[in-house]
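Observations on chain architecture
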Amino acid sequence: MGEGRPGVAATLRALNEALGRPSALWVKESGARNLRHRDFLAPRAALSAAFPGGQVPPEAVSAVSSLRGPAVLPLRVCRQTPAGLAVQVRRPEAFQRLLGPLPGPAPTAAGARTSCVVLHCPALRSPAALRPRHLRSVLLADHLAQLLRAQGVDVRLVPGLSEERSWDVLRQLRIHWPSGGSSLSDAVSALKAALGRCSCAAACEQGPGTAEGVICKVHLKSFVEQQGLLGYDPNLDVLLVTEGTLRCLAELQEAVLQCPVSDPTASPASRFPSQSSCCSIVHVVNCEEEFQQQQLDVLWRILDPGAHTALQKHLVCGPVKVTNPSSPIGADQYFQLRKRQMYEASVIKYGELAQDEAWTEVIDTLTVAAIRFEMLSTAHRSQITLDLENNSISTKGTKSGAFVMYNCARLATLFNTFQQAVEQGTYPPLPPATELNFSCLREEGEWLLLFNSLLPFPEVLQQAAQLPPPSKGIRITANTETVCKFLIQLSMDFSSYYNRVHILGEPFPHLFDQMFARLQLLGAVRDVFHTALATLHLPPLSQI
């Protein structure tokens, strides 16, 4: 049709412009009950504030009904209702535009991608064994990296993993994190030299109470006050700088140096990043590490007063509370406990089938999904409570990663069954999208899947990857729970629809139009599942 893919934001923007008011008056409906009558609503209260007596001029109502645009949903009717101004979408055309062939995205010009984010996860420097609280920030950084890359952002992960310790739990959780690489001796030497020129640094007398390896002490508080920096802990005072402290900064600097720069004349040989580096640094920390990371942040600003150090942001994870642990539990123990619970839950549901060796990979994937959703479906700044005493892992609950994976596997089974039937001659192959009759899609559940999942999905990924600047200070808030919550809602909508509607019917030609349209819809749903799960490093399951 050449009209492009419709979007929620573009449609809402066009609706607001049609009413000629600068404020956002319209909302998208999402509940099944309201969607039976309308798809978008300008509430009565909003209209009363924008128009005298809440009465929208007839010409404005007419302008809404006649809206057209490359990313605007096709609208069928606009009418005044007791709830406000209601709009319905021309649904068959919306299905056609979202499920039919669409022009691909414009190719990115070579060298045009200069945006870069360094994600720094101090938990991976912990000398002690990883705990669930550490795991939360690592999983969040891993997920955020995938979301940013999906938006074309160049991502660097810091620190590199040391080869001196085992990282089995990260491998088991499918966390893709780089190993430590190049020598940092030159970078550390450059930082020592900067430390020697620093007016905030002073020699540290070696006494009985002085920690081993201390190079000097740096007065952080005076620098924070002189620079007028906001958002830092008022208890920041004197930092004892060690070789390890400088290695942390050196590794961050090396990551920034690897980021693309907007100025091609910038010297790659410089030990300190160019002022033109288009790079921001996000420290993903749990709340117990926040103070130490603020110290490192300020020290870096002192030693390397460049644009990149001024762009440091802190994404802080709330506490992870473990209910009544007999002893402190490590990340490895947490994973093994959840794996055993998932195995037991699967045996209860699937019997001896779940004890087959072929299910080992399935149980592993379900365990990873359960832990990732447990850690990531809550807003990052909120507390998470892990109930390890009772078997809180279930294959039945609708809020879990296992439920999402189960529904993804149901889709795989559906399409495998269809393909086998095609090979046996029971059904003809699925025709091209241009030949499908989308007016056959009249079920309420079909519109819910399209309108609440397929339509907003690209914007969901964009919102989840946004790193807004701090409103005040250095802390930022990201919507890192968005994808997990989206997948849970999609799974609930798909499960409800799939339980009610028989997709593969009798092989009668007069039923093929509806079956093919439904398969095209569910194929798009399957693609959304796969794309969203990829941001969590979860492979789609072909069976459960």
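The following refers to the structure shown. (Residues numbered from 1 in each chain as written. Predicted model: local features only at pLDDT ≥ 70, side-chain atom pairs only at ≥ 80, totals over all residues. Heavy atoms only, no water.)

**So, the layout of surface pockets**
- Its volume calculated, the largest pocket comes out at about 1200 Å³.
- Lining the largest pocket are 41 residues, and of these Arg125, Pro159, Gly160, Cys248 and Glu251 sit closest to its centre.
- Put simply, the parts of the chain that give the lining of the largest pocket at least two residues each are strand E6 (154–158), strand E9 (238–242), helix H10 (243–257) and helix H11 (290–303).
- Split by residue class, the lining of the largest pocket holds 15 nonpolar, 17 polar and nine charged. (1 Å grid on protein atoms, 1.4 Å probe; cavity = no way out; pocket = protein on both sides within 12 Å on 5 of 7 lines; lining within 4 Å. Points joined across faces, edges and corners; volume = space filled by probe spheres on them. Helix = DSSP H or I, 4+ residues; strand = E, 2+ residues; numbered from the N terminus. Nonpolar A, V, L, I, M, F, W, Y, C, P; charged D, E, K, R; others polar.)

**Thoughts on the pairing of strand E3 (residues 75–81)**
- Strand direction decides the pairing type here: E3 and strand E4 (residues 84–89), joined by six bridges, are antiparallel. Looking at E4, one finds that cysteine 78 is bridged to valine 87.
- Taken together, E3 and the strand that follows it, E4, pair antiparallel across an intervening segment of two residues. (Pairing = 2+ DSSP bridges.)

**Focus: the pattern of salt bridges**
- This model, assessed by the stated rule, comprises 19 salt bridges.
- Its salt-bridge partner being glutamate 374, residue arginine 338 comes within 2.8 Å of it at the nearest N-O pair. You can see arginine 338 sitting in helix H13 (residues 331–350) and its partner glutamate 374 sitting in helix H14 (residues 360–376), a full 36 residues away along the chain. (Salt bridge = Lys/Arg side-chain N within 4 Å of Asp/Glu carboxyl O.)

**Here's the deal with the sheet that holds E4**
- If you trace the four strands from one edge of the open sheet to the other, you get E1-E2-E4-E3, paired in antiparallel fashion. Both outer strands of the open sheet, strand E1 (27–28) and E3, are each paired with one neighbouring strand and no more.
- Strand direction decides the pairing type here: strand E2 (residues 40–43) and E4, joined by four bridges, are antiparallel. Bridging from a neighbouring strand, alanine 42 pairs with leucine 85 of E4.

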